[in-house]
There are 2 protein chains.
Amino acid sequence: MAHFPETPGMTGVLRPLRLEGDILDVEVEGEIPSQLNGTFHRVHPDAQFPPRFEDDQFFNGDGMISLFRFRGGKVDFRQRYAQTDKWKVEHTAGKALFGAYRNPLTDDESVQGMIRGTANTNVMVHGGKLYAMKEDSPCLIMDPLTLETKGYSDFGGKIKSQTFGAHGKIDPVTGNFCNLGYASTGLLTTDCSYFEIDPAGNLLFETEFQVPYYCMMHDYGLTENYALFHIVPSTSNWDRLKAGLPHFGFDTTLPVWLGALPRGPGVTNKDMRWFKAPKTIFASHVMNAFEDGSKLHFDTPQAENNSFPFFPDIHGAPFDAVAARPYLHRWTVDLGSNSETFAGVEKLTDWIDEFPRVDERYVGQPYRHGWALVMDPEMPMDFLRGRASGFKMNRIGHFDHATGKQDSWWAGSEAIIQEPCFVPRTPDAPEGDGYILALVDNLITNYSDLVILDALRLEEGPVARIKLPIRLRSGLHGNWADESKLALAA
Amino acid sequence: MAHFPETPGMTGVLRPLRLEGDILDVEVEGEIPSQLNGTFHRVHPDAQFPPRFEDDQFFNGDGMISLFRFRGGKVDFRQRYAQTDKWKVEHTAGKALFGAYRNPLTDDESVQGMIRGTANTNVMVHGGKLYAMKEDSPCLIMDPLTLETKGYSDFGGKIKSQTFGAHGKIDPVTGNFCNLGYASTGLLTTDCSYFEIDPAGNLLFETEFQVPYYCMMHDYGLTENYALFHIVPSTSNWDRLKAGLPHFGFDTTLPVWLGALPRGPGVTNKDMRWFKAPKTIFASHVMNAFEDGSKLHFDTPQAENNSFPFFPDIHGAPFDAVAARPYLHRWTVDLGSNSETFAGVEKLTDWIDEFPRVDERYVGQPYRHGWALVMDPEMPMDFLRGRASGFKMNRIGHFDHATGKQDSWWAGSEAIIQEPCFVPRTPDAPEGDGYILALVDNLITNYSDLVILDALRLEEGPVARIKLPIRLRSGLHGNWADESKLALAA
């Protein structure tokens, strides 16, 4: 019998959903722009069965994929579990067998050695296939339309990395899928890989490299010629796992680094150049990165201290909700200089913001427009424990890096917003000319609307709301694929 | 694009759901009694596509079947559309083709002559098959576990009635499925049929009969030897349909009748005996009926006037929300007397009540226990237009006809309750010893719980809540089938 713990991570806004289903031709308020033809996939963690431990971590839930299929002004909704090896063996058992988040020492004996991945962090279409990603495990391949799971891929047996990062990026210049794997030879190791995969699913090259210390490498930066890795001390070790502590803990005594690795075959760890940050800060997601002569710019929401209360300070310092607030910053390193430190850190906004996005046609390129979720300044960064009463990530902000103008849309006091996603109006529209898709969850009515906003006119409010009769659980990441990208799926 | 009208019948508590899906091992609060092994099916109207007319009637929606599958203390949830002929042709077209409720004059030309049924009123397992019923059309057969639609049945080509009533009953003595068809030879006709079907699906006999005038024969009474038909003036005619009025209108100038038809082969219309009620009242559902010597008792919630505001007075009288309140009454007719009128009408309660149920092992038999939904006396009978602010069908009442004792459970001010269903504790438990299942919809959070109450200890509150992460749309009827009744499904 499914008794879920009555913890903040399993109740209120984080109540499990666990619903696989379909809604044909979802109710719409307003009009869906006729140019929107394609798919919006997003994912949330949603434990198939009650967890083995009361204090289970939100990030530990099984990946539940949502698909909004846009065609001719209509939208169909579909939701299915990613049928990972973990999901399958637990499905058969009728109960959870895997234990705590990234701690195999807490698993049932029967699943020792199995891939622990949940495919719950990001979903993206590449070469007509849906890549469902969890950074501690290989890439799960799914059908982008049926959401049928095909299974883990080793890309023709060629990929060495045992892990596949959650923030793979498609290079708009080459069309290749560019990603990293960390702890790539085993849990807690400092071994990493950077690799690129063409649309046919061929591994083009894989560069193995080392990081200064093991840490959560949830995202990275891509420029035309470099992959940039930020090393921030959400770290771990076997002692933590043996002690049953949360996998990650934040160690303010460790430095922060940005590594720049040239992209391409033949590159080795020796080609990596590391730059040290002026102080230890927290950063997770990357809005974009780009080259400017010998300089590399790396835009990331940066906080003065740890932003994750559920991965607490390793030395016991209390969580500082004010220092945890992230603000978009621009980090700059100069390959033309001999310096081993950053060339600059610039704060770009007074908005507390996270879940940054860009017009993906400009990934790795100089760019003008960015978007992110903006938080009410009175609120701590508590998006994974937020309750209806205190949850305020309810604004989408737009950053115009050319003019410095920032404008936004506020979803209302009863709402939270999930990660936005940009869709160009047409394939050749100017940068930023298009739409923002974002799930808006009403915490009173428990309904989710997928709203469509004009990306450069956010303040005008939604041009359409795709109105679900359910509330989707707080999720992580999602992506748009144009109709032309789905053709290969057949 | 699915734009639904912003009418009371399509918003608030009556917002469409349209969700087909599955939840494995639904979250439970409390403990599910281990004896509960079987299925609870229920149905609600839920238009596949926006209706052709703004003022569409709630009863016009496509049947959406919910299944709660109980096994070993766990419950799985499944929901699927009944794939009627109407559903299929509209599914292909991607839009509504059938028009107003029971008015074929409003249909698209392409569907003229097709069966208009929606299978949206009642669902019951008989002989291992799920019968999905709408009283204006034949019986739709579905798989009780997969909810796959098999199609309309004519029971081996034998049944003459073109319609199959929504309140078929399984006679606990014979195990046969006993039902009526009204307007059985065509829309608006006064032709009817009474028939019985054995568990193998064989039509045992069919008695054609006539009623005094065409009316909504939504339910009927069954005793060991008689079928009882109450004729209440929710009536109609072609002029109404041509004028585009609601199908039914209430005509207070017409008398109310109760007809008693002997059950069995060889019976004809001449064997029917009609009894006239002392005055014109409204009655729809039947709690139970039974024999007592030459007397026949017929228990029904009775109102002084029309209870259906959406089927208004035929002469233009305004809806009287007080006179619309139904109270459980016992009608008695005496076959041993020459009288053409009722032998008695007894008011059994001061509770405003509807959706009456019994321990189905006592259908047609003298019985002691009944249950029904009870409404707050301040509220009009507005269950199909209710909004969160005014909706108060939020109590389950128990009637002990032996002692006159009435007790109840109140679900709270934020809740409405859908029709209850009794499940015996064990196959041979005494009458009333068992559980009441009922959906409790929270109108603030928009979650539905299927609650399990001890049927004779309602005031103790739920022994368990099966907690859905969605709210099921207000529904009509549903039934329990014990595991042993499902065996034939294989």
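All of these numbers come straight from a predicted model, not from anything done at the bench. (Residues numbered from 1 in each chain as written. Chains lettered and ligands numbered in written order. Predicted model: local features only at pLDDT ≥ 70, side-chain atom pairs only at ≥ 80, totals over all residues. Heavy atoms only, no water.)

Engineer: Is there a simple way to explain the interface of chain A and chain B in this structure?
Structural biologist: A common way to express how large an interface is: the accessible area buried when the components associate. Chain A puts 36 residues into the contact, and the matching count from chain B is 36 residues. On the chain A side of the interface with chain B, the three residues burying the most area are Met1, Arg15 and Glu27 of chain A, jointly 23% of the side's total. A salt bridge links Arg15 of chain B to Glu27 of chain A; the shortest N-O distance between them is 3.5 Å. Joining chain A to chain B, the criterion identifies 27 residue pairs in polar contact (both at pLDDT 80 or more). Elements with a minimum of two residues in the side of chain A that touches chain B: β1 (20–23) and β2 (28–30) of chain A. Here the element with the most residues in the side of chain A that touches chain B is β1 of chain A; it accounts for four residues. Residue classes in the side of chain A that touches chain B are distributed as 17 nonpolar, nine polar and 10 charged. (Contact = heavy atoms within 4.5 Å. Buried area = accessible area lost by both parts, 1.4 Å probe. Salt bridge = Lys/Arg side-chain N within 4 Å of Asp/Glu carboxyl O. Polar contact = N/O pair within 3.5 Å; in protein donor to acceptor, adjacent residues only side chain to side chain. Helix = DSSP H or I, 4+ residues; strand = E, 2+ residues; numbered from the N terminus. Nonpolar A, V, L, I, M, F, W, Y, C, P; charged D, E, K, R; others polar.)

Engineer: Got a minute to help me understand the sheet that holds strand β9 (residues 149–153) of chain A in this structure?
Structural biologist: Residues and elements named next belong to chain A. Judged by pairing direction, the sheet is antiparallel, and its four strands sit side by side in the order β6-β7-β8-β9 without closing on themselves. Strands with a single pairing partner mark the edges of an open sheet, and in this sheet they are β6 (122–126) and β9. For this sheet the average axis-to-axis angle between neighbouring strands, irrespective of direction, equals 30°. Relative to β9, strand β8 (residues 139–142) runs antiparallel, the two being bridged by four bridges. Each bridged residue has a counterpart across the sheet, and for Leu140 the counterpart in β9 is Tyr152. (Pairing = 2+ DSSP bridges. Axes fitted to C-alpha atoms, helices over the stretch in contact; angles between N-to-C directions.)

Engineer: Could you clarify how one ought to interpret unusual backbone geometry in this entry?
Structural biologist: The general pattern is negative phi for most residues beyond glycine and trans for most peptide bonds. Residue and element names in this part refer to chain A. At Asn446, a position not held by glycine, the phi torsion is positive, near 60°. Among the structural elements, Asn446 can be located in the loop between β30 (434–442) and β31 (447–454). Taking relative accessible area as the criterion, Asn446 reaches 8% and is therefore assigned buried. (Buried < 20%, exposed > 50% of the residue type's maximum accessible area, 1.4 Å probe, protein only.)

Engineer: I keep staring at the domain arrangement of chain A and nothing clicks. Help me out?
Structural biologist: All names here are of chain A. In terms of domains, chain A is made up of domain 1 (1–128) and domain 2 (154–348). Each of domain 1 and domain 2 was reduced to a C-alpha centroid, and the two centroids are 25 Å apart. Counting residues at the interface gives 13 residues for domain 1 and 23 residues for domain 2. Summed over both partners, the interface of domain 1 with domain 2 comes to about 1,400 Å²; 67% of that surface belongs to carbon and sulfur atoms. A per-residue breakdown of the area domain 1 buries against domain 2 is headed by Arg102, Met124 and His126, which together make up 42% of the total. At the junction of domain 1 with domain 2, the criterion picks out six residue pairs in polar contact (both at pLDDT 80 or more). Grouping the constituent residues of the side of domain 1 that touches domain 2 by class yields six nonpolar, six polar and one charged. (Domains from an automatic or database assignment.)

Engineer: Help me understand the pairing of strand β12 (residues 191–197) of chain A, please; the structure alone is not making it clear to me.
Structural biologist: Within a regular strand, side chains alternate between the sheet's two faces. All names here are of chain A. Among the seven residues in β12, six count as buried, and that is most of the element. Examined bridge by bridge, strand β11 (residues 177–182) and β12 share six bridges and lie antiparallel to one another. Each bridged residue has a counterpart across the sheet, and for Gly181 the counterpart in β12 is Ser193. Sheet topology places β12 next to strand β13 (residues 203–210); seven bridges connect them, and they run antiparallel. Pairing of Ile197 across the sheet is with Leu203, part of β13. Between β12 and β13, which pair antiparallel in sequence order, lie five residues; one of them, Gly201, sits at a positive phi of approximately 90°.

Engineer: Please clarify how the relation of the copies chain A and chain B should be interpreted in this entry.
Structural biologist: Applying a rotation about an axis and a shift along it to one chain copy brings it onto the other copy. Each copy of the sequence occupies a distinct position, and chain A is placed on chain B by a rotation of 180° and an axial shift of 0.0 Å, giving an RMSD of 0.0 Å. The operation mapping one copy onto its partner corresponds to a two-fold rotation axis. Taking C-alpha positions as the reference, the residue of chain A nearest the rotation axis is Gly21 of chain A, at 1.8 Å. (Least-squares fit on C-alpha atoms with pLDDT ≥ 70 in both.)

Engineer: Sorry if this is basic, but what is going on with the pairing of strand β27 (residues 406–410) of chain B here?
Structural biologist: All names here are of chain B. With five bridges joining them, strand β26 (residues 395–400) and β27 adopt antiparallel strand pairing. Looking at β27, one finds that Phe399 is bridged to Gln406. Once β26 ends, the chain turns through five residues before running back antiparallel as β27, passing Gly404 with a positive phi of about 80°.

Engineer: Help me understand the packing of aromatic side chains, please; the structure alone is not making it clear to me.
Structural biologist: Across all of its chains, the model carries 70 aromatic pairs over all chains by this definition. Seen from their ring centres, Phe290 of chain A and Tyr367 of chain A are 5.8 Å apart, and the 75° between their planes marks the pair as edge-to-face. Taken as a pair, Phe290 of chain A in strand β21 (residues 288–292) and Tyr367 of chain A in the loop between β24 (344–358) and β25 (369–375) lie far apart in primary sequence, 77 residues in all. For Phe290 of chain A, a relative accessible area of 8% corresponds to the buried category. Residues Tyr182 of chain B and Tyr214 of chain B carry aromatic rings whose centres are separated by 6.2 Å and whose planes lie at 40° to one another, so their mutual orientation is tilted. You can see Tyr182 of chain B sitting in strand β11 (residues 177–182) and its partner Tyr214 of chain B sitting in the loop between β13 (203–210) and β14 (221–222), a full 32 residues away along the chain. On the accessibility criterion, Tyr182 of chain B (2% relative accessible area) is buried. A connected cluster of aromatic rings, assembled from ring pairs, spans Phe58, Phe59, Tyr101, Tyr182, Tyr214, Phe248, Phe250, Phe282, Phe308, Phe310 and Phe311 of chain A. (Phe/Tyr/Trp six-rings, centres within 6.5 Å; stacked < 30°, edge-to-face > 60°.)

Engineer: It is not clear to me how the pattern of salt bridges should be interpreted in this structure. Could you clarify?
Structural biologist: Side chains carrying opposite charge are able to pair once their charged atoms draw close together. With the rule as written, the count across this model stands at 60 salt bridges over all chains. Linked by salt bridges that have partners in common, Glu29, Asp449, Arg465 and Lys467 of chain A make up one network.

Engineer: So what exactly am I meant to see when it comes to the side chain of Gln48 of chain A here?
Structural biologist: Take Gln48 of chain A: it is sitting in the loop between β3 (38–45) and β4 (63–71). Reaching out from Gln48 of chain A, the side chain makes a polar contact with the backbone oxygen of Trp87 of chain A at a distance of 3.1 Å.

Engineer: Which parts of the structure should I look at to understand the environment of Thr174 of chain B?
Structural biologist: Residues and elements named next belong to chain B. Position of Thr174 relative to the elements: it lies in the loop between β10 (169–170) and β11. Sequence separation between Thr174 and His297 is 123 residues, and the spatial gap between their C-alpha atoms is 20 Å. In this structure the side chain of Thr174 is engaged in a polar contact, spanning 3.1 Å, whose partner is the backbone nitrogen of Asn176.

Engineer: When you look at helix α1 (residues 85–93) of chain B in this model, what are you seeing that I'm missing?
Structural biologist: Since there are 3.6 residues in each turn of an α-helix, residues three or four apart along the chain are aligned in direction. Residues and elements named next belong to chain B. For α1, the complete set of buried residues consists of Lys86, Trp87 and Glu90. Down the axis of α1, the buried set is contained in an arc of 95°. They therefore lie on one face. Among the structural elements, β5 (74–81) are those in contact with the buried residues of α1. Trailing α1 by a residue or two, Gly94 shows a phi angle of about 75°, which is positive. (Arc of directions from axis to C-beta.)

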